[in-house]
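One letter stands for each residue in the lines below.
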Amino acid sequence: MLTRKQRELLLFINRRLSDNGVSPSFDEMKEALGLRSKSGIHRLVTALEERGFIRRLAHRARALEVLKLPESAAPAHVPSAPTLAHSSIIRPDFTGRKAPPPAPPPSGSEDTQTLPLYGRIAAGTPIEALRDQSSFIPVPAFLLDKGEHYALEVSGDSMIGAGIHDGDTVVIERTDNAENGAIVVALVDNEEVTLKRLRRKGNSVALESANVAFETRIFGPDRVQVQGRLVGLMRKY
């Protein structure tokens, strides 16, 4: 699953490679997507590389290779830079303001409860977590406490040190607050959702990975909203 910006960047890179065989520069990517800084492009490129869509070619400046395209990508046309810059963004919504979901299927056991499964959330580079109100999953009742819960499928390995692997399903208690050191679903800048350990110090909020390959990201308090707290994990073998 790619975010809208990741998809736009992938198609832009592919179009430039098809046109002249040369990868666009980070400045050109920034202008095409209407971003303010190259750090956002670096994050998008890293996300595409982690998900196997592109590969950086060693010992060659600004050299990228497109390994695959999204199945829904239209091969005939990629929007030009001005179109990309003004395209709309599908934003996540874990605030509770939602239309009533369809009734879930019966759990089938007093030992389980059925929770809505809200797509994939990044445990690496943040992605937009999109709510799917048609998917449900049975969850052991002992993982749940009072309150509202939902489930998310993990994408990435930045929380592997906390025992959370790519493809795991995490059970989240919906809350807008969590204790220092808790693993939370965090909404960043009102458009990116990620699963990270929460650290607060003074007026700073840190979203901490559990993998030395990923950096800790630090924000002002008004840029991060807690959307839920991890209470359980399920894994298929």
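The shown structure was predicted, so the numbers you read here are calculated from the model rather than taken from an experiment. (Residues numbered from 1 in each chain as written. Predicted model: local features only at pLDDT ≥ 70, side-chain atom pairs only at ≥ 80, totals over all residues. Heavy atoms only, no water.)

**Observations concerning the nonpolar core**
As a reminder, the rule being used: To define a nonpolar core, start from buried Ala, Val, Leu, Ile, Met, Phe, Trp, Tyr and Cys residues and group those joined through side-chain atoms within 4.5 Å. Note on exposure labels: buried denotes an accessible area under 20% of the residue type's maximum, exposed denotes more than 50%, and partly exposed covers the range between, all computed with a 1.4 Å probe on protein chains only. To qualify as a helix, a DSSP run of H or I must reach at least 4 residues; to qualify as a strand, a run of E must reach at least 2; elements of each kind are numbered from the N terminus. Should any heavy atoms of two residues lie within 4.5 Å, those residues are counted as being in contact.
Within the largest apolar cluster, 17 residues are counted, with the highest numbers of intra-cluster contacts made by Leu9, Leu10, Ile13, Met29, Val45, Leu48 and Ile54. Those elements that provide at least two residues to this core are helix 1 (4-20), helix 2 (26-33), helix 3 (38-50) and strand 2 (64-66). Excluding residues within four positions of it along the chain, Leu48 makes contact with Leu2, Gln6, Leu9, Leu10, Phe53 and Ile54. One finds Ile121, Tyr150, Met159 and Val170 within the second-largest nonpolar core, a separate group that totals 14 residues.

**A word on helix 3**
Basically, it comes down to this: A helix's residues, less one, multiplied by 1.5 Å, set its expected span.
Taking 1.5 Å of rise per residue, the 13 residues of helix 3 would be expected to cover 18 Å, and the 18 Å separating its terminal C-alpha atoms lies within 8% of that figure. Within helix 3 the residues assigned to the buried category are Gly40, Ile41, Leu44, Val45, Thr46, Ala47 and Leu48. Elements in contact with the buried residues of helix 3: helix 1, helix 2, strand 1 (54-56) and strand 2. Where helix 3 terminates, the next one or two residues include Gly52, which has phi positive at roughly 80°.

**Things to note about the pairing of strand 8 (residues 192-201)**
Convention followed: Think of it this way: DSSP has to see at least two bridges between two strands before they count as a pair.
The pairing of strand 7 (residues 183-188) with strand 8 spans 6 bridges and is antiparallel. Among the inter-strand pairings, Val184 is bridged to a residue of strand 8, identified as Lys196. With antiparallel pairing between neighbouring strands as the criterion, strand 7 and strand 8 make up a hairpin whose turn holds 3 residues, including Asp189 at a positive phi of roughly 55°.

**Focus on the environment of Gly161**
Within the fold, Gly161 resides in the loop between strand 5 (149-155) and strand 6 (169-174). As a C-alpha pair, Gly161 and Asn211 span 50 residues in sequence and 5.7 Å in three-dimensional space.

**Considerations on the packing of helix 1 against helix 3**
Each packed pair of helices is defined by two parameters, the angle between the axes and the distance between the axes. Note the cut-off: For helices, the axis comes from a line fit to the C-alpha atoms of the stretch in contact; other axes are also lines fit to C-alpha atoms, and the angle between any two N-to-C directions lies between 0 and 180 degrees. These descriptions rest on fixed angle ranges, namely under 35 degrees for roughly parallel, over 145 for roughly antiparallel, 65 to 115 for roughly perpendicular, and the rest for oblique. Three classes are used, and their members are as follows: Ala, Val, Leu, Ile, Met, Phe, Trp, Tyr, Cys and Pro are nonpolar, Asp, Glu, Lys and Arg are charged, and the others, Gly among them, are polar.
At their nearest, the axes of helix 1 and helix 3 sit 10 Å apart, and the two run at 85° to each other. One element, helix 1, and the other, helix 3, form an angle in the roughly perpendicular class. For the pair helix 1 and helix 3, the contacting residues are Lys5, Gln6, Leu9 and Leu10 in the first and Ile41, Leu44, Val45, Ala47 and Leu48 in the second. By residue class, the composition of the contact of helix 1 with helix 3 is 7 nonpolar, 1 polar and 1 charged.

**Digging into the layout of surface pockets**
This is how it is decided: Each cavity reported here is a set of points on a 1 Å grid over the protein atoms alone in which a 1.4 Å probe fits but cannot get out, each pocket an open set with protein on both sides within 12 Å along at least five of seven lines, and each lining residue one with an atom within 4 Å of a point. Grid points are joined across faces, edges and corners, and a volume is the space filled by probe spheres set on the points.
Roughly 200 Å³ of volume is contained in the second largest pocket. Lining the second largest pocket are Leu117, Ile137, Glu153, Gly167, Asp168, Thr169, Met234, Arg235 and Lys236. Here the lining of the second largest pocket is built from residues that sort into 3 nonpolar, 2 polar and 4 charged.

**Looking at the packing of aromatic side chains**
In plain terms, the rule: Each Phe, Tyr or Trp ring, with Trp reduced to its six-membered ring, pairs with another whose centre is within 6.5 Å; inter-plane angles below 30 degrees give stacked pairs, above 60 give edge-to-face pairs, and intermediate values give tilted ones. To sit over a ring, a charge needs its Lys NZ or Arg CZ within 6 Å of the ring centre and within 35 degrees of the ring normal.
The full count for this structure, using the stated rule, is 0 aromatic pairs. Above the ring of Phe53, the side-chain terminus of Lys68 is found at 4.7 Å from the ring centroid.

**Considerations on the packing of helix 1 against helix 2**
As a reminder of what qualifies: Note: crossing handedness is left-handed where the near helix turns anticlockwise from the far helix by less than a right angle, and right-handed where it turns clockwise.
Two elements in contact, helix 1 and helix 2, have axes whose closest approach is 10 Å; the angle formed by their N-to-C orientations is 125°. It follows that helix 1 is oblique to helix 2 by the angle criterion. Crossing of helix 1 against helix 2: the hand is right-handed. Where helix 1 abuts helix 2, its residues Lys5, Glu8, Leu9, Phe12, Ile13 and Arg16 lie against Glu28, Met29, Ala32 and Leu33.

**Focus: the side chain of Ser209**
Structurally, the position occupied by Ser209 is in the loop between strand 9 (204-208) and strand 10 (217-219). Contact partners of Ser209, with chain neighbours within four places excluded, come to Ser158, Met159, Lys196, Phe214, Glu215 and Thr216.

**Quick look at the confidence of the model for the protein**
Using the following cut-off: Residue-level confidence of the predictor is what pLDDT reports, using numbers from 0 through 100.
Considering every residue of the protein, the mean pLDDT works out to 78; 75% of them sit at 70 or more. By mean pLDDT, the top-scoring element of the protein is strand 9 (94), and the lowest-scoring one is helix 4 (residues 81-85) (36).

**Some details on the environment of Arg197**
The test is simple: Pairing of N or O atoms within 3.5 Å defines a polar contact, subject to two protein rules: one partner must be a possible hydrogen donor and the other a possible acceptor, and residues neighboring in sequence count only if both atoms are side-chain atoms.
Within the fold, Arg197 resides in strand 8. You can call Arg197 partly exposed: its relative accessible area is 22%. Taking C-alpha positions, Arg197 is 9.2 Å from Ala186, a pair spaced 11 residues apart along the chain. With residues near it in sequence (within four places) discarded, Arg197 still touches Met159, Ala162, Gly181, Ala182, Ile183, Ala206, Leu207 and Glu208. A polar side-chain atom of Arg197 sits 2.7 Å from the main-chain carbonyl oxygen of Gly181.

**A few points about helix 1**
Taking 1.5 Å per residue as the helical rise, helix 1 with its 17 residues ought to reach 24 Å, and the 25 Å between its terminal C-alpha atoms agrees with that figure. For helix 1, the set of buried residues is Lys5, Gln6, Glu8, Leu9, Leu10, Leu11, Phe12, Ile13, Arg16 and Leu17. Just downstream of helix 1 lies Gly21, where phi reads positive at about 75°.

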